[in-house]
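Observations on the three-dimensional arrangement
Chain residues, written in single-letter form:
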Amino acid sequence: MDYTLDPHEPVSAEVQRIVDSLVADGLTHLDADDPHEAVHEVRKRCKEVRATLRLVRGVLPTYSDENAHYRDAARRLSHARDAQALVETFDDHVAPAVRSNDGPAPDSLDAVRATLVARRDTLAAAEDLDSRLAAVERDLLDGRDRVDALPVATDGFAAVAGGLRKSYRRGCDRMADAYADPSTEAFHEWRKRVKYHRYHCYLLRPVWEKPMKARRDQLKELSDLTGDEHDLAVFVETMHEEDLFDPETRGALEAIIGGRRAELRRAARPLGERLFVEEPDDLVDRFAGYWRATVEYES
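On a predicted model such as this, the values are computed, not experimentally measured, just so you know. (Residues numbered from 1 in each chain as written. Predicted model: local features only at pLDDT ≥ 70, side-chain atom pairs only at ≥ 80, totals over all residues. Heavy atoms only, no water.)

**Focus: the packing of helix α4 (residues 78-100) against helix α10 (residues 247-275)**
Applied cut-off: Note on geometry: axes are lines fitted to C-alpha atoms, helical ones only across the stretch in contact, with angles between N-to-C directions running from 0 to 180 degrees. Note on conventions: DSSP H or I runs of at least 4 residues are helices, E runs of at least 2 residues are strands, and numbering of each starts at the N terminus. Oblique is the label for any angle not under 35 degrees, not over 145, and not in the 65 to 115 range, which are roughly parallel, roughly antiparallel and roughly perpendicular in turn. Contacts: residue pairs with any heavy atoms within 4.5 Å of one another.
Where α4 contacts α10, the axes come no closer than 10 Å and their chain directions differ by 100°. The orientation of α4 relative to α10 falls into the category roughly perpendicular. Residue-level inspection shows Val 94, Ala 97 and Val 98 of α4 in contact with α10, the latter providing Leu 253, Ile 256 and Ile 257.

Listed below in structure tokens is the structure:
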């Protein structure tokens, strides 16, 4: 399914098509054999629906209600996703970093992973994950019933200009905040804005295929860097808050993870400086020019 906006078609119809397809995809993923895969994919679809609605928020009178609906649906699964994310963060980032830095012995790493898996499974059972997935299914079906009535009030580039400007401006502002006061929360806020702008560039890709794809690819790289940094921050916070592992292991992991987080923040900065260098009005004007050229000269 094509989740991009065709500038030759009414924006209202395109938004309805995309949201309906994303919800349908989310419902399909609920049937996955692995419940943790279902959680991850359904939450992604909810975030993509919200990003789509955010692009037309200025001309969608029901934006606040619809955004809250899909936000709350995803939140039903947030604890389960966070618990699985700790396991994935350990496998993808923590364990490789430990091995490359002569950290804890392999048997200690096995014990760390076993603790994280047990924690995940205990939480899933305590929260009755199957019931939560069933509730999310009802949420998605309820939202899908309203898709055909989404009242996007304007067509053409004017329908997306306001949402694009607001999302991009927040990306610029949150980047400045993150490097002025490099807290976990500040970088997390920037990460969220990067992901919204990335998805908006994907939605708008048909206005000039290659340049928009190139921009989105760079935003994907930036999103991965800031996402990995945030996952490592959550890993450290959780292991201390819950006294996971023994004190010696926690100290060794925190030191190694701290170095890796610093590397990720340094790597993110030049990408961010390039991607968020334009003034918001200039970026919107540039994208508007792409849109006009596509509509006027390409069939």
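**Focus: the pattern of salt bridges**
Counted only if it meets this: The salt bridge definition used is simple: a Lys or Arg side-chain nitrogen within 4 Å of an Asp or Glu carboxyl oxygen.
Applying the stated criterion to the full structure yields 28 salt bridges. Close ionic contact of Lys 192 with Glu 189 constitutes a salt bridge, the shortest N to O distance being 3.0 Å. Linking Lys 192 with Glu 189, this pair stays in helix α8 (residues 184-203), spanning three residues, or about one helical turn. Salt bridges sharing partners connect three or more residues here, namely Asp 25, Glu 41, Lys 44, Arg 45 and Glu 48.

**Observations concerning unusual backbone geometry**
Put simply, the test is: Burial here depends on accessible area, computed with a 1.4 Å probe over protein chains only, as a share of the maximum for the residue type. Under 20% is buried, over 50% is exposed, and the range in between is partly exposed.
The backbone of Asp 128 sits at a positive phi, close to 50°, despite the residue not being glycine. Here Asp 128 lies in the loop between α5 (106-126) and α6 (129-145). The exposure class assigned to Asp 128 is partly exposed, which follows from its relative accessible area of 40%. The phi torsion at Asp 243 lies on the positive side, around 50°, for a residue other than glycine. The topology assignment puts Asp 243 in the loop between α9 (209-241) and α10.

**Description of the side chain of Arg 50**
Selection criterion: Asp and Glu are treated as the negative residues and Lys and Arg as the positive ones, with His and the ends of the chain left uncounted.
Mapped onto the elements of the fold, Arg 50 is located in helix α2 (residues 35-55). Here Arg 50 is buried and forms no salt bridge, its nearest opposite-charge partner Asp 72 lying at an N-O distance of 8.0 Å. Leave out the neighbours within four places in its chain, and Arg 50 touches Asn 67, Tyr 70, Arg 71 and Tyr 196.

**A look at the packing of aromatic side chains**
The criterion, for reference: Between 30 and 60 degrees the pair is tilted, below 30 it is stacked and above 60 it is edge-to-face, where a pair is any two Phe, Tyr or Trp rings, Trp via its six-membered ring, whose centres lie within 6.5 Å. In this scheme, Lys NZ or Arg CZ marks a charge over a ring once it lies within 6 Å of the ring centre and within 35 degrees of the ring normal.
Tallied over the full model, the rule gives nine aromatic pairs. Residues Tyr 168 and Phe 276 carry aromatic rings whose centres are separated by 5.5 Å and whose planes lie at 20° to one another, so their mutual orientation is stacked. Taken together, the residues span a long stretch of sequence, with Tyr 168 in helix α7 (residues 158-180) and Phe 276 in the loop between α10 and α11 (280-297) at a distance of 108 residues. Tyr 168 gets classed as buried once you look at its relative accessible area, which sits at 0%. Seen from their ring centres, Trp 208 and Tyr 290 are 5.0 Å apart, and the 75° between their planes marks the pair as edge-to-face. Of this pair, Trp 208 sits in the loop between α8 and α9 while Tyr 290 sits in helix α11, and the two are 82 residues apart along the sequence. Exposure remark for Trp 208: the relative accessible area of 47% places this residue in the partly exposed category. Given a relative accessible area of 15%, Tyr 290 falls into the buried group. An aromatic cluster is present here, built from Tyr 179, Phe 187 and Trp 190 joined pairwise through their rings. Residue placement shows Arg 54 over the ring face of Tyr 196; its charged tip is 4.0 Å from the ring centre. Across the ring face of Tyr 179, the terminal group of Arg 269 is positioned such that the distance to the ring centre comes to 4.5 Å.

**Focus: the packing of α2 against helix α3 (residues 63-75)**
Cut-off, in case you're wondering: Put simply, a crossing is left-handed when the front helix is turned counterclockwise from the back one by less than a right angle, and right-handed when it is turned clockwise. In this classification, Asp, Glu, Lys and Arg are treated as charged, Ala, Val, Leu, Ile, Met, Phe, Trp, Tyr, Cys and Pro as nonpolar, and every other residue, Gly included, as polar.
Viewed as axis vectors pointing N to C, α2 and α3 meet at an angle of 165°, and their least axial separation amounts to 9 Å. Compared by their axis directions, α2 and α3 come out roughly antiparallel. Classified by chirality, the crossing of α3 by α2 is left-handed. Counted together, Arg 43, Cys 46, Val 49, Arg 50, Leu 53 and Arg 54 of α2 and Tyr 63, Glu 66, Asn 67, Tyr 70, Arg 71, Ala 73, Ala 74 and Arg 75 of α3 form the full contact between these two elements. Classifying every residue of the contact of α2 with α3 by side-chain character gives seven nonpolar, one polar and six charged.

**As for α10**
Residues lying three or four places apart along an α-helix face the same way, a consequence of the helix completing one turn every 3.6 residues. Our working rule: Any helix carries an expected span of 1.5 Å times its number of residues minus one. We define the bend at each residue as the angle formed by axes fitted to the 7 residues ending at it and the 7 residues starting at it. Polar contact is the term for a pair of N or O atoms within 3.5 Å; when the atoms are in protein, one must be able to donate a hydrogen and the other to accept it, and sequence-neighboring residues count only if both atoms are side-chain atoms.
Across its 29 residues, α10 extends 41 Å between first and last C-alpha, which sits within 8% of the 42 Å expected from 1.5 Å per residue. In α10, a bend of some 25° at Arg 269 exceeds every other bend along the element, and Pro 270, a proline, comes one to four places later. Of all the residues in α10, the buried ones are Thr 249, Arg 250, Leu 253, Ile 256, Ile 257, Arg 261, Leu 264, Arg 265, Ala 268, Leu 271, Gly 272 and Leu 275. Two to three positions downstream of the cap, the backbone nitrogen of Glu 248 sits 3.1 Å from a side-chain oxygen, assigning the N-cap of α10 to Asp 246.

**Structural notes on the environment of Leu 133**
Mapping Leu 133 onto the fold places it in helix α6. Classification of Leu 133 by relative accessible area gives buried; the value is 9%. For the pair formed by Leu 133 and Cys 201, sequence separation is 68 residues and the distance between their alpha carbons is 30 Å. Excluding anything up to four places from it in sequence, Leu 133 contacts Leu 30, Pro 35, Ala 38, Val 39 and Leu 77.

**Focus on the environment of Val 11**
Within the secondary structure, Val 11 is located in helix α1 (residues 11-29). On the basis of relative accessibility, which here comes to 1%, the residue Val 11 falls in the buried class. Separated by 288 residues in the primary sequence, Val 11 and Ser 299 place their C-alpha atoms 17 Å from one another.

Any functional reading would require information beyond the geometric quantities listed.
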